[in-house]
Every structure is written in C-alpha cells, then in structure tokens.
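One letter stands for each residue in the lines below.
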Amino acid sequence: MTLSSKLSDPRLFRQYAYVDGKWTHGEGGREEAVFDPATGEALGHIPWLEAHQITAAVDAAEAAFVHWRALRADERCERLLAWYDLLQAHREDLATLMTLEQGKPLPDARGEVEYGASFVRWFAEEGKRTFGETIPSHIPNAALGTIKEPVGIAALITPWNFPLAMITRKAAAAMAAGCTVIVKPAGETPFSALALAELAERAGIPAGVFNVVLGEPAEVSKILCAEDRVKALSFTGSTRVGRLLLEQCANTVKRVSLELGGNAPFIVGPDMDPREAAFAAVAAKFQTAGQDCLAADRILVHESIHDEFVEHFAERMAALTVGNGLESEIDLGPLIHRQAVEKAAAIVDDAISKGATLVAGDQSQAPGENFFMPVLLTDVTHDMKIWHEESFAPVAGITAYADDDQVIEMANDTEYGLAAYIYTHDIRRIWKIMRALEFGMVSVNSVKMTGPPVPFGGVKHSGLGREGGVTGIDEYLETKYYCLGAL
Ligand code: NAD
C-alpha cells in the first residue's frame, strides 16, 4: 500500500521541494529515499536541489518579503490562523504521515500536531503585539522611541525527532514578525514539512513566504549561512552541527538562534514517594523512545530511597510496550535508524564495562531491527559515556547521591544546559537547587513543561536564544531607534 493511500487527503503527501509557491524537482537528478523506521520500507523519495535552486529560494523569499512585511499585523494574523485551522482539520493525516516517517506512536504524533499547531495560533496573536517604546528624551525638543521591524529572510534548519513542531515553533514566529522563511527539514522526515507547505498554500500564505528546500544537508546549509540576504538562522539539532553553523554564519554576521542537545538531570529528593517519582521519571525518560532533547538522561536519586525507586522504575518500565507506532497501545516506536540502535548499544556496553549494573533491558525481545528495548542501568558514574552524551535512546541511568550540594554538582557536570527536573516537596530544597542549576529550564514536580507561552531554550552548549513565549518573536525582529529632533 502506498503512503498516499493511508491518508484521507492524498495531496498532503508531496515528494517535491516547495519554492516560490511551486512544487519543485531537483535539476541534477539527485534524490534521497525516505524510510519507515518501523518496517524499513521506502515511503517515497525526495529530490535534492542544486545550489542555484537554493539561491532561487532565497530570491523568492526576498521578493515575497516586500509584500509580506507590508501587510498589517492583523492581516498576517488572519492567514496564520487559517493555517492553524487547516493543521487542526488535517490532524489525523499529519499524525499518520509523522508516525510513518518518524516512528513515534500515533497518539504522540497527534499530540505533536496539536503542540505544533498551538505555536501557530500563539504567534499569530503575538504578531499584533510587537510593540515599540517611547523613551523620555534627554535631548531638548526631541521625541525618542523604538519600532520593531522584521529582520528579513530566516533560514530554519530542523531535526527529525519533532518533524512538525520544530518547524512551526520557528516559522510561525518568523512569519508573524513579517519575515519570510526557508525551511530545511531533516532528510529522514521531510514529508511533515512538505504537508505543512501544502496547508500553508491552502491557507493563503503567499508564494515565497514559506519555502521548503531539500538537499544534501551540509551543502544546503553552507549556501544559506553564506548568503548575505538571509538575515537570521534558526537551527534545532545536535550541538556538533550547531557549532558548525555558528561558524558558517560568522562572515555574514546574521542572527543565530540555536536549540541544541540536552542531557537533563532528574533529581529526586529524600522526601519523595519513590513510586510517584519513579513513574514520573519513566515518563520523562521514555517519550519519543528517548529521542527527545528533554529526556531525563541522568536520574539522580537520594541514597535513602534509591533502592525502592529502582524497583518501582523497573516495574513501570517493564509495562512499556514497544512496536510499530501505527498499532494501538504502543508506548515506544522504533529509533530513527540502525545507527541510532548501534549508538544506544555502545553506550550501554560502555557503561557496563565501567561498572554499571544492568537491571533490565533484553534486546533479543526487540520487534525489529530499528527497535531498542528500554534499558535500566544503575551505579552510573561520571566516567561513563551515558553521563556526558545524549543517548537519544530508551536507556535510563540511575545514580545515588548523598546531599543537595553533591547533587547540584553532579547535575551541572555536563556541557549541556537545556532542561532539568526536580522532584521534592521541600520548598527550601527546591529554591536552593533550582537557583543553582545551570540550565535554561527547570521543571519542579512536573514532567510537562513546554508550550507556546513559555521561553524554550538552553544555556552552555545547549544553545542560544529562546523559542516561544512573549520573547520568541524577538529572534525575528530588529529594534529601530528613532530620534525626532527640532520639534
Ligand atoms: P542533526 O544536528 O544531525 O540534524 C539537524 C539538522 O541539521 C537536520 O536538518 C540535518 O539534515 C542538518 N544537518 C546534519 N548535518 C549537517 C551538516 N553537516 N551541516 C549542516 N546541516 C546538517 O540533529 P538530529 O539528529 O536531526 O536531531 C537530534 C538532535 O537535535 C539532538 O541533539 C537533540 O537534542 C536536538 N534537539 C534539540 C531540541 C531543542 O529544542 N533544544 C529539540 C529537538 C532536538
């Protein structure tokens, strides 16, 4: 059965790039197959654009910028809200597409459509509130103030783990600000991006405002970073690639916003009910099969409740079902590809060879070659890869600690600084640890922390800038100061 036959609206499945409102073939004959990670079947192909076609996308975004920025904010809002409505109306097809190309269970994919769409609605409204300010004048007979203006063309480079929401969180902010965008989705998950383009067109978003380019990642990114007409680059992905892009943007001194890797500590205080905390930790670790920058990678449990916590964690973990995300009652889908499985296995082997205890995790039970059964390791220490590297897999590592000062030191012992979790009801402990953590986001007694109203982003090597919230749109705005003299 072809992919389009699984959709109620087959036109959402596109195998072309989308440039200047046109579905575009590659001109050099290069293409890439896209696979269902659960079955290994090819879902379709995408063309790789040639260098001049990427430049043509910049030309289109430049031409469209003139008109898009000139619209009133409420006019842009109406079009973005129409896009939002279409995302909601096609939620089931978008979720099916996403599960097929990314592997996550269908209910999670539906949740991502909802989450991704919510940013479109949020920024549609925020676009009407890009206020400037009036400044009390220190210059005689002058009026001083600021106005906000769109930066121009924004290049948006996104990962495969959240193929839809990572695009809307950027694109909606940029477009609401009056910018035009060129999206370069991950090659593993282009179809969600192309379905977004189809719906943007139906929503009346003019040609050239929302473009999707496809191609060899390093080649495409190099062109977009070196292009002076591209005024902002927003990237979500690995720290390795983020560093590379930051360097490539230096010559054109463009705005760079980076949402990079995470290595979240999950701190459990001695006062916690071990069962409640263990269940929360399982939820924070295994979403999207652990392929989540917010995944609880280092679970730090007070020594007084460690053993009980481990028992409850193992019990909860054993109840997780692994399988094809299109089937019902699945908690964990496949990993994105075989290399991810190999990386996870290597991280587990490294930990065991350095003294970690394998409590659970039998890979002989895996239902297919891209699947990785959840693993629980205890006695995890600083010298193991799992401590420092994102496993991006369902591998949980637990470490016991003795007191608050020690756990703060352990939690901060990473180059990453995206998100951290604290579970305790002791308000003094919460305040002390929350303030001492070197992370952009700290969630206390809650697994859920993200959404349109809050600033998402990290410190240290987890990135630059924030997405969402009232400041998310600022990544795409310039502040122009004016002085009206001789009044
Ligand atoms: P990745 O860095 O490999 O790829 C991200 C994007 O960069 C893709 O579009 C890819 O095609 C492109 N790319 C890859 N190599 C490139 C190169 N040499 N030059 C230019 N572009 C290149 O990351 P990934 O594996 O797709 O995603 C996983 C990573 O993303 C994890 O590190 C995860 O923590 C991070 N992530 C961060 C957030 C956040 O908000 N902080 C959210 C989701 C994922």
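Here, the structure is the one placed above.
Model, not experiment: these values are computed from the prediction. (Residues numbered from 1 in each chain as written. Predicted model: local features only at pLDDT ≥ 70, side-chain atom pairs only at ≥ 80, totals over all residues. Heavy atoms only, no water.)

K.L.:
Give me the pattern of salt bridges: which residues, what numbers.
P.N.:
For the structure on display, the rule yields 30 salt bridges. A salt bridge links Glu-50 to Arg-30, with the shortest nitrogen-to-oxygen separation between them at 3.3 Å. With Glu-50 in the loop between strand E4 (42-47) and helix H1 (51-70) and Arg-30 in the loop between strand E2 (22-24) and strand E3 (31-35), this pair connects stretches of sequence that are 20 residues apart. Close ionic contact of Lys-285 with Asp-297 constitutes a salt bridge, the shortest N to O distance being 2.9 Å. With Lys-285 in helix H9 (residues 274-286) and Asp-297 in strand E13 (residues 296-302), this residue pair connects regions lying 12 residues apart in the sequence. Residue Asp-297 is classed as buried on the basis of its relative accessible area of 5%. One salt-bridge network, held together by shared partners, links Asp-9, Arg-11, Arg-14, Glu-198 and Arg-202. (Salt bridge = Lys/Arg side-chain N within 4 Å of Asp/Glu carboxyl O. Helix = DSSP H or I, 4+ residues; strand = E, 2+ residues; numbered from the N terminus. Buried < 20%, exposed > 50% of the residue type's maximum accessible area, 1.4 Å probe, protein only.)

K.L.:
Any chance you could break down the packing of H9 against helix H10 (residues 306-318) for me, citing the residues and the numbers?
P.N.:
Contact geometry of H9 with H10 gives a least axis separation of 8 Å together with a crossing angle of 50 degrees. The orientation of H9 relative to H10 falls into the category oblique. The crossing of H9 and H10 is right-handed. Seen from H9, the contacting residues are Pro-274, Arg-275, Ala-277, Ala-278, Phe-279, Ala-281, Val-282 and Phe-286; seen from H10, they are Glu-308, Phe-309, His-312, Phe-313, Glu-315, Arg-316 and Met-317. Residues belonging to the contact of H9 with H10 are distributed by class as follows: 10 nonpolar, one polar and four charged. (Axes fitted to C-alpha atoms, helices over the stretch in contact; angles between N-to-C directions. Parallel < 35°, antiparallel > 145°, perpendicular 65-115°, else oblique. Left-handed = near helix turned anticlockwise from the far one by under 90°. Contact = heavy atoms within 4.5 Å. Nonpolar A, V, L, I, M, F, W, Y, C, P; charged D, E, K, R; others polar.)

K.L.:
Can you explain the site of the ligand? Please cite residues and give values.
P.N.:
Around the ligand lies a shell of 29 residues, among which Thr-158, Lys-184, Ser-238, Leu-260 and Glu-390 are the nearest. Contact distances for the ligand include 2.9 Å between an oxygen atom and a side-chain N or O atom of Trp-160. One of the side-chain nitrogen or oxygen atoms of Glu-390 is found 2.5 Å away from an oxygen atom of the ligand. Coverage of the ligand by the protein amounts to 89% of the 840 Å² it exposes when considered alone. Listed by contribution, the elements that provide at least two residues to the shell around the ligand are helix H5 (165-177), helix H7 (217-226), strand E10 (230-236) and helix H8 (239-248). Among the residues forming the shell around the ligand, the class breakdown is 17 nonpolar, eight polar and four charged. (Near = heavy atom within 4 Å. Polar contact = N/O pair within 3.5 Å; in protein donor to acceptor, adjacent residues only side chain to side chain. Areas by Shrake-Rupley, 256 points an atom, 1.4 Å probe, with all protein chains shown as cover.)

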